Amino acid sequence: MSTSPFAPAYPEGTACADIAGVQVPVRFSDPTAEYQAVRERAALFDLTGASVIEIGGPGATDFAQRVLARDVEYLTSETTMSSLVLADDGSVVDQVVVWGREDGMYLESSIGRGAELLAHLQERAADADAVTVTDRTDEFGLFALEGPYAWGVVGRVIDAELAAMPFESIVDTRWDGVDIVFARAGLTGEYGYKVLAPRESALDLWVKAAQEATPAGLEVLELAMLEVRQPVLRHETADSAGASVLEMGANWLVDVSKDEFVGRDQVLAAFEAGSTVRTIGFSGTGPVPEPGTEVTVDGEAVGEVVYATRRIGADDTLGLARVRPELAAAGLRLTVADAEVSTLTSPYVTPRSWSTPII
Amino acid sequence: MSTLEELRAVADARRQTCTQIKKMIVTRLDLMIDPEWITDDQPLFGRGLELDSLDVLELYVAIEAEFGVALYDSEMSVFGSVGRLAEHVNPALVEQPA
């Protein structure tokens, strides 16, 4: 079991969970305060549950073009982007954040999916020329600042110029004498920034950030991601069959105009063949349904729940369901278990950052 | 509780508006994708379709021409997804849940 480099700074009573062999903080103190931080001020997220995998060697870019579903031709050491990684059958292995580096790139896995991603990449690299795949997770500490005023925190504790960096840009910089890689990217729809620091120095930086932003656990992070329909891979690919791109509705993470990548032909064939099921968000006032719970209309099964959670600060549930394509639309009343739910238009919460300028 | 047929009809009305928006986006912005590749939940800016501020201006013009709806003073939230935009250009979709 590995632990976070930030664990020594967790407040007493922090609740952690074992997510794929990593102790991940799910709740630091009061979930309502943590949720309010990300939607109203600034939250600090421990991203230790994500793996950092380096793609290196002269063949790194060619390899990345094959294994990533989006085009990395224009990736530089000053840019980042998100992409899916697909298996040969077109099913989703993981969603990654690609950090462009001078010699290759880092792939940041989604939380809890690092082992699957690493195994997949290593298997593909065995047949590739001049490429190395190295798990460097243990060398780094990774945390995020997100919220409508996260830019203010970045300005106060690091550097005001970093706060206004363009979306999906990266800079190598120093913070308190520590070399860090700083990225403007996020998961919750709010202003988002990430700090990738050497593991031995990361704790001090976390402590500094925690003086200005509220540490928030995985429970709040995943709810905030769901609210803006950012995929939460460890829930959305949990079924044994493996989710397809189209079923997940993650088309935006696949660039079908790119000529060749692993899984491309299978995804396009499925697209041409037409829908089987589609994902739609829902809310309701009943108990939180388990994944796989049947969704019905007039007693007839029309789909099943992918996953659902209790909303923080509201007395209802929020979840995703995979339903017949003709019913994958907002504004419908369906039945989950014995409770009525309403299907929703994404995003389910409008991030305050969309109407909050950086000043 | 509505019947399956009633729900299908409501979903179909929404789909028609969403499809019209997707075709408009692909045509106006010369995107090299099948309009149906865009999902109803897909954000139009930032992540998602990754449109920029010039694209916004183009879309303002296109939406007014195609739907007769002026969005100039609207918040950016109308571009939060194709579905959200559909509700703005066709408010009847919100008024008639099934």
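Since the structure is predicted, the reported quantities are computational estimates derived from the model, not experimental observations.

Moving on, we get to the overall build of chain A. Scanning chain A from terminus to terminus reveals ten helices and 19 strands. In terms of overall dimensions, chain A has a C-alpha envelope of 65 × 50 × 40 Å along the principal axes. Taken across its 359 residues, chain A has 60% of its residues classed as buried. When contacts within chain A are restricted to residue pairs at least 6 apart in sequence, those whose partners lie at least 24 apart make up 66%.

Attention now goes to the overall build of chain B. A count of helices and strands for chain B gives four helices and zero strands. Along chain B, helices (α) and strands (β) appear in the sequence α-α-α-α when read from the amino end. Counting every position in chain B, which comprises 98 residues, the buried fraction comes to 51%. Partitioning the intrachain contacts of chain B with sequence separation of at least 6 by distance along the chain shows that 50% fall at a separation of at least 24.

A few words on the domain arrangement of chain A. All names here are of chain A. Splitting chain A by domain gives domain 1 (1–228) and domain 2 (229–343). Of the residues lining the interface, 39 residues belong to domain 1; the matching set on domain 2 comes to 31 residues. Both faces combined, the contact of domain 1 with domain 2 buries some 2900 Å², and carbon together with sulfur accounts for 64% of it. At the junction of domain 1 and domain 2, the tally comes to 15 residue pairs in polar contact (both at pLDDT 80 or more). Secondary structure elements with two or more residues in the side of domain 1 that touches domain 2: helix 1 (31–40), helix 2 (60–67), strand 5 (80–86), strand 6 (92–101) and helix 7 (218–227). Top element by residues in the side of domain 1 that touches domain 2 is helix 7. It accounts for eight residues. Classifying every residue of the side of domain 1 that touches domain 2 gives 19 nonpolar, nine polar and eleven charged.

All names here are of chain A. An order of 5-6-7-4-8 is seen for the five strands of this open sheet, with the pairing classed as antiparallel. Strand pairing shows two members of the sheet lacking a second neighbour, strand 5 and strand 8 (132–135), which therefore form its edges. Averaged over all adjacent pairs, the angle separating strand axes in this sheet is 30 degrees, with direction ignored. In terms of strand pairing, strand 4 (residues 52–56) meets strand 8 through four bridges, oriented antiparallel. Looking at the pairing, Glu-54 lines up with Thr-134 of strand 8. Strand contacts of helix 2: strand 4, strand 5, strand 7 (104–108) and strand 8, with the helix running at about 35 degrees to strand 7, the strand carrying the most contacts.

Residue and element names in this part refer to chain A. With four bridges joining them, strand 15 (residues 294–297) and strand 16 (residues 300–310) adopt antiparallel strand pairing. By the bridge assignment, Glu-294 is partnered in strand 16 with Glu-304. What sits between strand 15 and strand 16 in their antiparallel hairpin is a turn of two residues, with Asp-298 showing a positive phi close to 55 degrees. Sheet analysis places strand 16 next to strand 17 (residues 317–323), joined by seven bridges and oriented antiparallel. Counterpart to Glu-304 in the pairing with strand 17 is Arg-322. Linking strand 16 to strand 17, which pair antiparallel, is a turn of six residues; within it Gly-313 sits at a positive phi near 85 degrees.

What follows is about the environment of Ala-224 of chain A. Here Ala-224 of chain A lies in helix 7. Discounting residues that sit within four places of it in the chain, Ala-224 of chain A has contacts with Val-38, Arg-39 and Thr-188 of chain A.

All names here are of chain A. With the rule as written, the count across this model stands at 25 salt bridges over all chains. Residue Asp-88 is joined to Arg-124 by a salt bridge in which the shortest nitrogen-to-oxygen separation is 2.6 Å. Note that Asp-88 is positioned in the loop between strand 5 and strand 6 and Arg-124 in helix 3 (residues 114–125), a separation of 36 residues in sequence. Using a relative accessible area of 48% as the deciding quantity, one classes Asp-88 as partly exposed. Linking Glu-139 and Arg-136 is a salt bridge whose minimum nitrogen-to-oxygen distance equals 2.8 Å.

Bring the parts together and some accessible area is lost; that lost area is often taken as the interface size. Taken together, the contact pairs 39 residues of chain A with 32 residues of chain B. If you sort the residues of chain A by the area they bury against chain B, Trp-252, Phe-271 and Arg-333 of chain A come out on top, with a joint share of 19%. There are two salt bridges connecting chain A and chain B. Residue Arg-229 of chain A is joined to Asp-41 of chain B by a salt bridge in which the shortest nitrogen-to-oxygen separation is 3.3 Å. At the junction of chain A with chain B, the criterion picks out eleven residue pairs in polar contact (both at pLDDT 80 or more). Those elements that provide at least two residues to the side of chain A that touches chain B are helix 10 (264–273), strand 16 and strand 18 (333–336) of chain A. When residues in the side of chain A that touches chain B are grouped by element, the largest group, three residues, is from strand 18 of chain A.

This brings us to the side chain of Asp-316 of chain A. All names here are of chain A. Mapped onto the secondary structure, Asp-316 falls in the loop between strand 16 and strand 17. Take Asp-316: its relative accessible area is 15%, and that puts it in the buried class. In this structure Asp-316 touches Ser-283, Gly-284, Thr-309, Arg-310 and Arg-311, once residues within four positions along its chain are discounted.

What follows is about the environment of Leu-71 of chain B. Residue and element names in this part refer to chain B. Within the secondary structure layout, Leu-71 lies in the loop between helix 2 (53–67) and helix 3 (82–89). For Leu-71, a relative accessible area of 2% corresponds to the buried category. In this structure the C-alpha to C-alpha distance between Leu-71 and Val-26, which are 45 residues apart in sequence, comes to 19 Å. If sequence neighbours within four positions are ignored, Leu-71 has contacts with Tyr-60, Ile-63, Val-78, Phe-79, Leu-85 and His-88.

What follows deals with the sheet that holds strand 17 of chain A. All names here are of chain A. Strand order around the closed barrel formed by six strands is 14-17-16-15-18-19, with antiparallel pairing between neighbours. Neighbour-to-neighbour, the strand axes of this sheet turn through a mean angle of 45 degrees, independent of strand direction. Together, strand 16 and strand 17 form the strand contacts of helix 7, whose direction differs from that of strand 17 by roughly 55 degrees.

Parameters and conventions
Residues numbered from 1 in each chain as written. Chains lettered and ligands numbered in written order. Predicted model: local features only at pLDDT ≥ 70, side-chain atom pairs only at ≥ 80, totals over all residues. Heavy atoms only, no water. Helix = DSSP H or I, 4+ residues; strand = E, 2+ residues; numbered from the N terminus. Buried < 20%, exposed > 50% of the residue type's maximum accessible area, 1.4 Å probe, protein only. Contact = heavy atoms within 4.5 Å. Domains from an automatic or database assignment. Buried area = accessible area lost by both parts, 1.4 Å probe. Polar contact = N/O pair within 3.5 Å; in protein donor to acceptor, adjacent residues only side chain to side chain. Nonpolar A, V, L, I, M, F, W, Y, C, P; charged D, E, K, R; others polar. Pairing = 2+ DSSP bridges. Axes fitted to C-alpha atoms, helices over the stretch in contact; angles between N-to-C directions. Salt bridge = Lys/Arg side-chain N within 4 Å of Asp/Glu carboxyl O.

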